[in-house]
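Each chain, letter by letter, is given below.
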Amino acid sequence: MLTIDCKDVVSIKNELLVYVADQVAAIPTLKHHKFTLSSFDDDEIIDISVVISAIKEYLDSIDEGHNFAVISNNDVINITSISGKVIERTTTKSKHELFSCTHCGFVTQYQVELNVHMRIHYL
Ligand SMILES: [Zn+2]
């Protein structure tokens, strides 16, 4: 079983897992900040060099290949940011914007509600 540590590329972990598992025909298991690859057959050993090239291929495909080093250490493969820059998820849903009252700290998601609320301070 191989472990791929994705702490610097958490935002693309799922896509990477699908791509790599497909390339090496292994069973992927998603874990926090990492995923593992198991062979279908216990006797089979996953070729670590194939996994590493698949990871590099994927990083190249999203134009991040030059920013990350893919380093194996026994059964663990680390994807490490060279520059310290991590891949930000581009599709992050924006957090609900919150409006807060400068007078009392009342918080609402709605500008309109805040406007209505603010009136109580001017009565
Ligand atoms: Zn208020």
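The structure displayed is predicted, hence computed values, not measured ones.

Could you give an account of the environment of S100, with specific residues and numbers?
Here S100 shows up in strand β6 (residues 99–100). Between the C-alpha atoms of S100 and A54, which are 46 residues apart in sequence, the distance is 48 Å. Apart from the residues within four sequence positions on either side, S100 is in contact with F106, V107 and L114.

Now, about the nonpolar core: what can you tell me, with residues and values included?
Among the nonpolar cores identified, the biggest contains 25 residues, and I4, L37, V51, I55 and I79 are the most heavily contacted of them. The greatest single-element share of this core, amounting to six residues, is contributed by helix α2 (residues 48–61). Excluding its chain neighbours within four sequence positions, the residues that come into contact with I4 are H33, K34, F35, L37, V51, I55, I77 and I79.

I'd love a proper account of the coordination of the zinc ion, names of residues and values included.
On the protein side, the zinc ion has C101 (SG), C104 (SG), H117 (NE2) and H121 (NE2) as donor atoms, found 1.9 to 2.3 Å from it. Around the zinc ion, the four donor atoms are arranged such that angles at the metal cover 103 to 119°; this shape is classified as tetrahedral. Read in sequence order, the donor residues for the zinc ion give the motif C-x2-C-x12-H-x3-H. Of this pair, C101 sits in the loop between β6 and β7 (107–108) while H121 sits in the segment after α3 (111–118), placing them 20 residues apart in sequence. Judged by its relative accessible area of 3%, C101 falls in the buried class. The exposure class of H121 is partly exposed, given its relative accessible area of 30%.

Hey, could you go over the side chain of S39 for me, with residue numbers and the actual values?
Tracing the backbone shows S39 in the loop between β3 (34–38) and α2. At 2.7 Å, the side chain of S39 and the backbone oxygen of D41 are in polar contact. Of note is the side chain of S39, whose polar atom sits 2.9 Å from the backbone oxygen of E44. The residues contacting S39, other than those within four sequence positions of it, are I27, E44 and I46.

Scoring rules and cut-offs
- Residues numbered from 1 in each chain as written.
- Predicted model: local features only at pLDDT ≥ 70, side-chain atom pairs only at ≥ 80, totals over all residues.
- Heavy atoms only, no water.
- Helix = DSSP H or I, 4+ residues; strand = E, 2+ residues; numbered from the N terminus.
- Contact = heavy atoms within 4.5 Å.
- Core = buried A, V, L, I, M, F, W, Y, C linked by side-chain atoms within 4.5 Å.
- Buried < 20%, exposed > 50% of the residue type's maximum accessible area, 1.4 Å probe, protein only.
- Donors = N, O, S within 2.8 Å, 3.2 Å for Na, K, Ca; no water.
- Tetrahedral: all angles 85-135°; square planar, octahedral: opposite > 155°, others 65-115°.
- Polar contact = N/O pair within 3.5 Å; in protein donor to acceptor, adjacent residues only side chain to side chain.

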